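This is what each chain is made of:
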Amino acid sequence: MNDLGSIPRAQPHSDVVACPTLRLAADAAGIAEAARLVASGAVVAFPTETVYGLGADATDPEAVARIFAAKERPRFNPLIAHLPDIDSALREGVFDAAALRLAEAFWPGPLTLVVPARRDGTVCDLARAGLDSVALRVPGNALARDLLARIGRPVAAPSANRSGRVSPTSADHVLADLDGRIAAVLDGGSAPVGVESTVVACLGGMPRLLRPGGTTRDAILKVLDGALAEDEAEAGRAPVGPGLLASHYAPRAQVRLDAESIEPGEAALLFGAPPPGLEHAAASLNLSPDADLVEAASGLFAALRRLDASGAAIIAVAPIPSSGLGEAINDRLRRAAAPR
Ligand code: TXA
Ligand code: MG
């Protein structure tokens, strides 16, 4: 058992000046250096197709503890272990028929499977928050898979932001939150999907969708012939982890959802046609003038950051349909708007 009490207390940002964070290029030398750093126990941010992850050797509890310290994250939250291919994932978890179908259909890609941890699996207790299950994912971008293959061990990685902040979709976002607190960021440009992976638990019985994300519910339902259990949230049950806390994706400004019009001084986050009152907005960004949900997801977190930086007290968000990727977008927006 790991001593969860031994996690180093996170330092305030101003105290951490000893090690500036390296920005590594996404070439052979950069990947090799990122892999060397992770293998030596350091924390390195790297791009996945969803958002940037804050990676450390998932088999090394001290390295995993450094993730929690850098993020100032509630320490009992389980992390996703990232792997370069299905075969490596099968060595860490017990896959039932449904889990296998999902892995074959969606990996590499924006899906995380929570499965029983294998007894001979290598993901440490701390990364699993002491649970008997393990969250596994094979990312959709070749750069992440190259890095993971080179490291040769599962890499624990939550989103590379400070706890409670908006997830990063570029190396600049990572540095804005974590410069000086982590060894390096591998700069692979902007993350194309823009919302985190969908999390599905396959723990016996019907698979359960724990978090909507980059793989749509409809696509999953199709592969499972409709056999997907009700969400925890919809069933009115307590969320399984602090990662699902209502206010997890919070900008500093207050967020007002389903805004049909804009009040003077608000920052406006738009989707589709401009609403009345836009001329009085303090700032505005349109996630997709053509009302395209894929485009909207890819720019969501960056837009929240930019509008937050405008200094407006309120970000008014236009209504966004909840079909397809809209489910994940609306889930993140509801969390951003939750009281805290
Ligand atoms: O797209 C993503 O999933 C990104 C990139 C970096 O891969 N990662 C990410 O990690 O979003 P994180 O730590 O922010 O979210 C992990 C989610 C949390 O909601 C956590 O509670 C859930 O996965 N999770 C992890 N292990 C679990 C387990 N054993 N049982 C239930 N939920 C688990
Ligand atoms: Mg996160």
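S.K.: Sorry, what's going on with the site of ligand 1 here?
M.R.: Every one of the 22 residues lining ligand 1 counts as a neighbour, but Thr50, His82, Ser133, Arg137 and Ser197 are closest to it. A distance of 2.9 Å separates an oxygen atom of ligand 1 from a polar atom in the side chain of Arg137. Within the side chain of Arg211, a nitrogen or oxygen atom sits 2.9 Å from an oxygen atom of ligand 1. Here ligand 1 loses 97% of its free accessible area of 680 Å² to cover by the protein chains. Looking at the shell around ligand 1, the elements with two or more residues in it are β4 (80-82), β6 (133-137) and β10 (208-211). At 3 residues, the largest contribution of residues to the shell around ligand 1 is made by β6. Classifying every residue of the shell around ligand 1 gives 10 nonpolar, 8 polar and 4 charged.

S.K.: What am I meant to see in the packing of aromatic side chains here?
M.R.: Where two aromatic rings form a pair, the distance of their centres and the angle of their planes describe that pair. Inspection of the entire model under this criterion finds 1 aromatic pair. When the centroid spacing of 6.0 Å and the interplanar angle of 70 degrees are considered together, the rings of Phe95 and Trp107 count as edge-to-face. One end of the pair, Phe95, is in the loop between α3 (86-90) and α4 (97-106); the other, Trp107, is in the loop between α4 and β5 (111-116), and 12 residues separate them in sequence. For Phe95, a relative accessible area of 13% puts it in the buried group.

S.K.: What's the story with helix α2 (residues 61-71) in this structure? I'm lost.
M.R.: For an α-helix, 3.6 residues make a turn, and residues three or four places apart therefore share a direction. Where burial is concerned, most of α2 is hidden: 8 out of the 11 residues are buried. Against the buried residues of α2 lie β3 (52-57), β7 (155-156) and α6 (171-178). For α2, the N-terminal cap is Asp60; the gap from its side-chain oxygen to the backbone nitrogen of Glu62 is 2.9 Å. Remark: Glu72 follows α2 within two positions and exhibits a positive phi of approximately 55 degrees.

S.K.: For this particular structure, what's the right way to read the sheet that holds strand β2 (residues 44-47)?
M.R.: Think of a sheet as strands paired side by side through backbone hydrogen bonds, with each pair either parallel or antiparallel. The mixed open sheet is built from 10 strands, whose spatial order is β1-β8-β2-β3-β7-β4-β6-β5-β9-β10. At either end of the open sheet lies a strand with only one pairing partner, and these are β1 (22-25) and β10. One ladder, built from 3 bridges, connects β4 with β6; its direction is parallel. By the bridge assignment for β6, His82 is matched with Arg137. Each of β5 and β9 (198-201) touches α4; the most contacted strand, β5, lies at about 155 degrees to it.

S.K.: Can you walk me through the environment of Val317 in this structure?
M.R.: By secondary structure assignment, the location of Val317 is in strand β14 (residues 314-317). Val317 gets classed as buried once you look at its relative accessible area, which sits at 1%. In sequence terms Val317 and Glu260 are 57 residues apart; their C-alpha atoms lie 8.4 Å from each other. If near-sequence neighbours (up to four positions away) are discounted, Val317 is found in contact with Val255, Arg256, Leu257, Asp258, Ala259, Leu269 and Leu333.

S.K.: Sorry, what's going on with empty space enclosed by the protein here?
M.R.: Where empty space is left in the structure can be found by rolling a water-sized probe over the atoms. If you walk through the whole model with that rule in mind, you get 1 cavity of 30 Å³ or more. Considered as a void within the structure, the largest cavity measures approximately 40 Å³ in volume. Surrounding the largest cavity, Thr198, Leu209, Pro212, Gly213, Thr215, Thr216, Arg217, Gly324, Leu325, Glu327 and Ala328 form its lining. Each residue belonging to the lining of the largest cavity can be placed in one class, and the counts come to 4 nonpolar, 5 polar and 2 charged.

Criteria and cut-off values
- Residues numbered from 1 in each chain as written.
- Chains lettered and ligands numbered in written order.
- Predicted model: local features only at pLDDT ≥ 70, side-chain atom pairs only at ≥ 80, totals over all residues.
- Heavy atoms only, no water.
- Near = heavy atom within 4 Å.
- Polar contact = N/O pair within 3.5 Å; in protein donor to acceptor, adjacent residues only side chain to side chain.
- Areas by Shrake-Rupley, 256 points an atom, 1.4 Å probe, with all protein chains shown as cover.
- Helix = DSSP H or I, 4+ residues; strand = E, 2+ residues; numbered from the N terminus.
- Nonpolar A, V, L, I, M, F, W, Y, C, P; charged D, E, K, R; others polar.
- Phe/Tyr/Trp six-rings, centres within 6.5 Å; stacked < 30°, edge-to-face > 60°.
- Buried < 20%, exposed > 50% of the residue type's maximum accessible area, 1.4 Å probe, protein only.
- Contact = heavy atoms within 4.5 Å.
- Pairing = 2+ DSSP bridges.
- Axes fitted to C-alpha atoms, helices over the stretch in contact; angles between N-to-C directions.
- 1 Å grid on protein atoms, 1.4 Å probe; cavity = no way out; pocket = protein on both sides within 12 Å on 5 of 7 lines; lining within 4 Å.
- Points joined across faces, edges and corners; volume = space filled by probe spheres on them.

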